[in-house]
Amino acid sequence: MRKPVIAGNWKMHMTCAQAREWMAAFLPLISNTPDDRHLVVAPPFTAISTMAEAAQGSKLELSSQNVHWEGHGAYTAEIAPAMLLEHGVAYAIVGHSEPRKYFSESDEQINHRARSAQSNGLIPIVCVGETDEQRTRGEAERVIRRQVEQGLEGLDPSKLIVAYEPIWAIGTGKTCESAEANRICGLIRSWVGSPDLIIQYGGSVKPGNIDELMSMSDIDGVLVGGASLEAESFARIANYQAS
């Protein structure tokens, strides 16, 4: 039985003070959230300690927004798994489209990050997805399959999450049609060959479309960007009601 994972990615938003305010507003709103789902937030690195303290005893788990493949060393601006585990972080996002775009991260690097996370007890959330141009040219499936095959090589699918995030739907207000998102998620599951693999959808997820998305057969959660920055908005997503 696949347990859905509802995750918010704050990206480069929220100071520690703002994170505390958000937690004060959010935690009461999930006091009655069913236990049939995981609730996760990925704050910026500076707010992880603040969030960990505030989340003690709650249903909220923490993720990092990245992780390095080495345990220590001369890797300026990177973060090691042990540094995250020390604060109770349970997940690590790797391969998000923004590091891929802005920092030219390759599938090989993403695989190294995911392996590092998994071997150290973190659950990697590996992001895959195509651009608008790739979809228009009919290359979406080929691109995503390459990202899956190279990015997930050597990983244990039982300790892994894949997030399908069509790049053209991230922060644009465009949302992939639920049926199409479900189809791609089903393809990813078949390519990996694991019926129990958790697959999220990400891309302009909002309170208004969460129920429909979570009613799809192959969508096991969401990776939320902007809508996770407002406590009430993310609480509505966390408290989805799938038909």
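These figures come from a predicted structure and were not determined experimentally. (Residues numbered from 1 in each chain as written. Predicted model: local features only at pLDDT ≥ 70, side-chain atom pairs only at ≥ 80, totals over all residues. Heavy atoms only, no water.)

J.: When you look at empty space enclosed by the protein in this model, what are you seeing that I'm missing?
T.: Over the atoms, a rolling probe the size of a water molecule traces out where space has been left empty. Under the defined criterion, the tally for this structure stands at one cavity of 30 Å³ or more. Considering the residues around the largest cavity, the lining is formed by Gly95, His96, Ser97, Arg100, Cys127, Val128, Gly129, Glu165 and Ile167. Elements supplying a minimum of two residues to the lining of the largest cavity: α4 (97–102) and β5 (123–128). Residue composition of the lining of the largest cavity, grouped by class: three nonpolar, four polar and two charged. (1 Å grid on protein atoms, 1.4 Å probe; cavity = no way out; pocket = protein on both sides within 12 Å on 5 of 7 lines; lining within 4 Å. Points joined across faces, edges and corners; volume = space filled by probe spheres on them. Helix = DSSP H or I, 4+ residues; strand = E, 2+ residues; numbered from the N terminus. Nonpolar A, V, L, I, M, F, W, Y, C, P; charged D, E, K, R; others polar.)

J.: Teacher, can you tell me more about the packing of helix α1 (residues 16–26) against helix α10 (residues 231–238) here?
T.: The geometry of a pair of packed helices is captured by two quantities: the angle between their axes and the separation between those axes. At a closest axis distance of 9 Å, the pairing of α1 and α10 adopts a crossing angle of 45 degrees. Comparing their axes, α10 and α1 come out oblique. Remark: the crossing between α1 and α10 carries right-handed chirality. Within the contact between the two elements, α1 uses Trp22, Ala25 and Phe26 and α10 uses Ala231, Phe234 and Ala235. Here the contact of α1 with α10 is built from residues that sort into six nonpolar, no polar and no charged. (Axes fitted to C-alpha atoms, helices over the stretch in contact; angles between N-to-C directions. Parallel < 35°, antiparallel > 145°, perpendicular 65-115°, else oblique. Left-handed = near helix turned anticlockwise from the far one by under 90°. Contact = heavy atoms within 4.5 Å.)

J.: In this structure, what is going on with the layout of surface pockets? I would like to understand it.
T.: Considered as a void within the structure, the largest pocket measures approximately 650 Å³ in volume. What lines the largest pocket is a set of 20 residues, and nearest its centre among them are Phe45, Gln65, Asn66, Pro99 and Phe103. Listing elements by their share of the lining of the largest pocket, those giving two or more residues are α4 and α5 (107–119). Among the elements that take part in the lining of the largest pocket, α4 stands out by supplying three residues, more than any other. Classifying every residue of the lining of the largest pocket gives ten nonpolar, five polar and five charged. There is about 310 Å³ of room inside the second largest pocket. As for the second largest pocket, its lining consists of 18 residues, of which Ser97, Glu98, Lys101, Thr131 and Ile167 are closest to the centre. Looking at the lining of the second largest pocket element by element, the count peaks at five residues for α4. Residue composition of the lining of the second largest pocket, grouped by class: four nonpolar, seven polar and seven charged.

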